[in-house]
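Summary of the model geometry
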Protein chains: 2
Amino acid sequence: MDQNIVTQPKCSEADAVTAEMSPKRRQVVEAAETLFFANGYGAVSMDQIARTAGVSKATLYAYFPSKDALFAHIVATKGADSPLSCDLFPDDVADLRATLEDIGGRILKFMLLDRTLAIYRIALAESGRFPELGRAFYQNGPQQFATRFQTWLGHLQSQGLVKVPDLALATHQFMALMRCGVFFRRSLSLPPEPSELEINQTIAAAAETFLRAYAVNS
Amino acid sequence: MDQNIVTQPKCSEADAVTAEMSPKRRQVVEAAETLFFANGYGAVSMDQIARTAGVSKATLYAYFPSKDALFAHIVATKGADSPLSCDLFPDDVADLRATLEDIGGRILKFMLLDRTLAIYRIALAESGRFPELGRAFYQNGPQQFATRFQTWLGHLQSQGLVKVPDLALATHQFMALMRCGVFFRRSLSLPPEPSELEINQTIAAAAETFLRAYAVNS
DNA sequence: GTCTATAGGCCGATAGAC
DNA sequence: GTCTATCGGCCTATAGAC
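Conventions used here
Residues numbered from 1 in each chain as written. Chains lettered and ligands numbered in written order. Predicted model: local features only at pLDDT ≥ 70, side-chain atom pairs only at ≥ 80, totals over all residues. Heavy atoms only, no water. Helix = DSSP H or I, 4+ residues; strand = E, 2+ residues; numbered from the N terminus. Buried < 20%, exposed > 50% of the residue type's maximum accessible area, 1.4 Å probe, protein only. Contact = heavy atoms within 4.5 Å. Buried area = accessible area lost by both parts, 1.4 Å probe. Salt bridge = Lys/Arg side-chain N within 4 Å of Asp/Glu carboxyl O. Polar contact = N/O pair within 3.5 Å; in protein donor to acceptor, adjacent residues only side chain to side chain. Nonpolar A, V, L, I, M, F, W, Y, C, P; charged D, E, K, R; others polar. Domains from an automatic or database assignment. Axes fitted to C-alpha atoms, helices over the stretch in contact; angles between N-to-C directions. Near = heavy atom within 4 Å.

1. Structural notes on the overall build of chain A
Looking only at helices and strands, one finds 12 helices and zero strands in chain A. Going from the N terminus to the C terminus, chain A shows its helices and strands as α-α-α-α-α-α-α-α-α-α-α-α. Relative to its 218 residues, chain A shows a buried fraction of 49%. Put simply, of all contacts in chain A between residues at least 6 apart along the chain, 70% involve residues at least 24 apart.

Put into structure tokens, the structure is as follows:
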């Protein structure tokens, strides 16, 4: 089993595009992505991927040397996109509550996407046997958000808007408050589908609790 | 694939004990438990279980008609024990902070056990294909704690110790605050092993944030 | 490059001897 | 009850024709 399945040497942009341009390869990647994210690693066979992609298994193995390698490629290239636009963390905060709700809302809605949940489930499930997988997921997803949020929180503190004794811990608390209830339930595939109302309540409550814990009363 | 894999008709206590008394069966169950919890569902074979248990596959199939059924039995019987002693939620609370830290500490340390984490990972990973699994895990674990905590929180409120507009939501927030940081990292199999200090900081910070959000200033 | 065909092995599950 | 031996099938991966 390939040990270093995820952190692979980055191809140049041109290489990546060229390689991705081959239509059969694209079909393979798309089929594998769909199937892995829908069913996990173990329950998907190379036959199934080849059939879904509309190519033969030999072609599949011409592009990827093993099932592990294909899985690693999918996770490394498709698991990294998180909704971190530059304007998500404004320098000047007029309404702290509204800003927190905006940030939290975007990240919670991203976390609740079927695709994001699928990646999370797979990373968690396979992290024991593919140690790089848990690490790659954490670094590409939660860690990036946490870093930016923590920096932003530091700025807020230097502006006197909040008083946070431990920035990293408060950041993790904010993220955890977002994961409470709705996300936890959905991650276990439990019905019902969360309503817009319930999501907004979670966001509002998280912001409220965070503010009560850390906002400076002015 | 057996649809209703977990919620199976309960045997009488006597039956269960009798069935469990057969030494070969006990060996099978123990081997399966170890292997499933260590490696998940897909990565474990019936050959492996039989070999580990020291019995033949035929014997294994004499006790359990299929791999699914064996898996279901393991999850149903071994996944339910949670640390809910009666005295965990005291009626009279002298020191609210200390009590919250005590409750939170016990539940966090339980959640961080390798065995608990393994069950959590499997429930989450297989919840898509075994819908009953996510439900059973939730009901036997988090839901039971949540119910008791919420009731206890209601008592605190009627005593005027806290002001909680939404008991269920606050309960989920408390649990989420416990899952922040350490648990989230461990669930993805990420090093380092959490230190006692880090665990205690998480607990203290969760209690602190919860108190700031909901405690009544007297 | 892409296919068909198949190797070689492990899978879940079973038949039949004792 | 428990074993040995084995089935048919699907698995990952490859050889060889075009």
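2. Examining the interface of chain B and chain A
Contacts between the two partners involve 35 residues from chain B and, on the opposite side, 35 residues from chain A. Summing both partners gives a buried area of about 3,200 Å² for chain B against chain A, and 70% of it is carried by carbon and sulfur. When the buried surface of chain B facing chain A is broken down by residue, B:Leu124, B:Phe184 and B:Leu188 rank first, second and third, together holding 20% of it. The tally of links from chain B across to chain A stands at zero salt bridges. Taken together, chain B and chain A are joined by eight residue pairs in polar contact (both at pLDDT 80 or more). Elements represented by at least two residues in the side of chain B that touches chain A include exactly helix H7 (114–126), helix H8 (131–140), helix H10 (167–179), helix H11 (182–187) and helix H12 (196–214) of chain B. At seven residues, the largest contribution of residues to the side of chain B that touches chain A is made by H12(B). Of the residues assigned to the side of chain B that touches chain A, the class counts are 19 nonpolar, 11 polar and five charged.

3. Comments concerning the domain arrangement of chain A
Residues and elements named next belong to chain A. Here the domain parsing of chain A yields domain 1 (17–65) and domain 2 (75–214). Computed over C-alpha atoms only, the centres of domain 1 and domain 2 are separated by 31 Å. In this complex, domain 1 contributes six residues to the contact, which on the side of domain 2 involves seven residues. Of the roughly 630 Å² buried between domain 1 and domain 2, counting both surfaces, carbon and sulfur atoms make up 72%. Taken as a group, Glu33, Phe37 and Tyr41 account for 82% of the area that domain 1 buries against domain 2, more than any other trio of residues on that side. Seen at the junction of domain 1 and domain 2, the total is one salt bridge. Across the pair Arg115 and Glu33 runs a salt bridge, and its minimum N-O distance is 2.8 Å. For the interface between domain 1 and domain 2, the tally reads one residue pair in polar contact (both at pLDDT 80 or more).

4. Details of the packing of helix H8 (residues 131–140) of chain A against helix H9 (residues 142–158) of chain A
The interhelical angle for the contact between H8(A) and H9(A), taken along N-to-C directions, is 35°, at an axis separation of 3 Å. Of the residues in H9(A), those touching H8(A) at A:Phe137, A:Tyr138, A:Gln139 and A:Asn140 are A:Pro142, A:Gln143 and A:Gln144.

5. A look at the protein's contact with DNA strand D
The local shell around DNA strand D holds 15 residues, among which A:Met46, A:Asp47, A:Lys57, A:Tyr61 and B:Thr59 are the closest. When the atoms of DNA strand D within 4 Å of the protein are grouped by moiety, sugar and phosphate amount to 58% of the total. Contact distances for DNA strand D include 3.4 Å between a phosphate oxygen and a side-chain N or O atom of B:Lys24. One nitrogen or oxygen atom from the side chain of B:Thr59 is found 2.6 Å from a phosphate oxygen belonging to DNA strand D. Among the elements of the structure, helix H3 (46–53) and helix H4 (57–63) of chain A together with helix H4 (57–63) of chain B are those that each provide at least two residues to the surface near DNA strand D. Within the surface near DNA strand D, the residues separate by chemical class into seven nonpolar, four polar and four charged.

6. Brief notes about the pattern of salt bridges
According to the stated counting rule, one finds 21 salt bridges over all chains in the structure shown. B:Arg106 is the partner of B:Asp102 in a salt bridge, and the nearest nitrogen-oxygen pair spans 3.6 Å. Pair noted here: B:Asp102 and B:Arg106 are both in helix H6 (residues 96–111), with a separation of four residues, about one helical turn. Residues joined in a network through salt bridges with shared partners are A:Arg97, A:Glu208 and A:Arg212.

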